[in-house]
Amino acid sequence: CAGNIILLILAIAFSPALNLVIAFDLAGVSTNEIVLVPFTLISLINDMWNSGAWPLAVLLVIASCAWPVIKNATMILMWFLPTTLLSPNKRVAVLQWLDVLGKWSFLEAFVIVASIAALKTVVDLSEQERLQFLPADLIVSRVNLVPERGITLLAFVASFSLVLNHIMSVYH
């Protein structure tokens, strides 16, 4: 659990979550992809807040940043607290609630996948009404969001945390 917390902090604050990438096809010749904007989870939250999407920013802070850390810290407490301070029945109840609520840790993965699907764009200028005189596929631009190691690490840590929670429920 302590390792999970460290990995969560690395994924949330320091690892790139995704990149906004653009590439062009000019007369059938493709350019290299250019990274326009790299995003970390913190920068995504900041951009959402600054653009007025503060309810989504607050939800991501709670569900993707605070909750996974609180959950793992609570799991550490559940494992190490003596039965004189926390009865086995209460320990099981807390672990079961952590398991039920633990699925919220996947919210950021859902938001990223939805963003990737929504922002995958291909623009062929010859398909524009005013530019139909151009040959097909003369100038095509492709804009994509590309997931990076931060979002992958976050999803892995959330999954591992759920597995660890199940193990702790059995062996408490």
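Scope of this entry: the structure provided in the associated data block. Since the model is a prediction, treat every value here as computed from it, not as a measurement.

Points about the nonpolar core
Part 1 of the argument: Counting residues in each nonpolar core, the largest one holds 22 residues, and the members touching the most others are Ile12, Phe39, Leu41, Ile45, Leu60 and Leu154.
Part 2 of the argument: Of all hydrophobic cores here, the second largest spans 8 residues; its members include Trp67, Leu86, Leu164 and Met168.

Considerations on the environment of Lys90
Part 1 of the argument: Checked against the element boundaries, Lys90 lands in helix α4 (residues 88-101).
Part 2 of the argument: According to the relative accessible area criterion, Lys90 is exposed, its value standing at 54%.
Part 3 of the argument: Separated by 38 residues in the primary sequence, Lys90 and Gly52 place their C-alpha atoms 41 Å from one another.

Remarks on the packing of aromatic side chains
Remark: the centre distance and the inter-plane angle together describe each pair of aromatic rings, the angle taken between the planes.
Part 1 of the argument: Following the criterion strictly, the structure yields 1 aromatic pair and no others.
Part 2 of the argument: On the basis of an interplanar angle of 15° and a centroid distance of 6.2 Å, the ring pair of Phe156 and Phe160 is categorised as stacked. Pair noted here: Phe156 and Phe160 are both in helix α6 (residues 149-171), with a separation of 4 residues, about one helical turn.
Part 3 of the argument: Judged by relative accessible area, which is 38%, Phe160 ranks as partly exposed.

Quick word on the packing of α4 against α6
Part 1 of the argument: One way to put it is that α4 packs onto α6 with a least axis distance of 10 Å and a crossing angle of 160°. Considering their axes alone, α4 and α6 lie roughly antiparallel with respect to each other. Here the hand of the crossing between α4 and α6 comes out left-handed. In this structure, α4 contributes Leu95, Leu98 and Asp99 to the contact, and α6 contributes Leu162, Asn165, His166, Met168 and Ser169.

Thresholds, definitions, all that
Residues numbered from 1 in each chain as written. Predicted model: local features only at pLDDT ≥ 70, side-chain atom pairs only at ≥ 80, totals over all residues. Heavy atoms only, no water. Core = buried A, V, L, I, M, F, W, Y, C linked by side-chain atoms within 4.5 Å. Buried < 20%, exposed > 50% of the residue type's maximum accessible area, 1.4 Å probe, protein only. Helix = DSSP H or I, 4+ residues; strand = E, 2+ residues; numbered from the N terminus. Phe/Tyr/Trp six-rings, centres within 6.5 Å; stacked < 30°, edge-to-face > 60°. Axes fitted to C-alpha atoms, helices over the stretch in contact; angles between N-to-C directions. Parallel < 35°, antiparallel > 145°, perpendicular 65-115°, else oblique. Left-handed = near helix turned anticlockwise from the far one by under 90°. Contact = heavy atoms within 4.5 Å.

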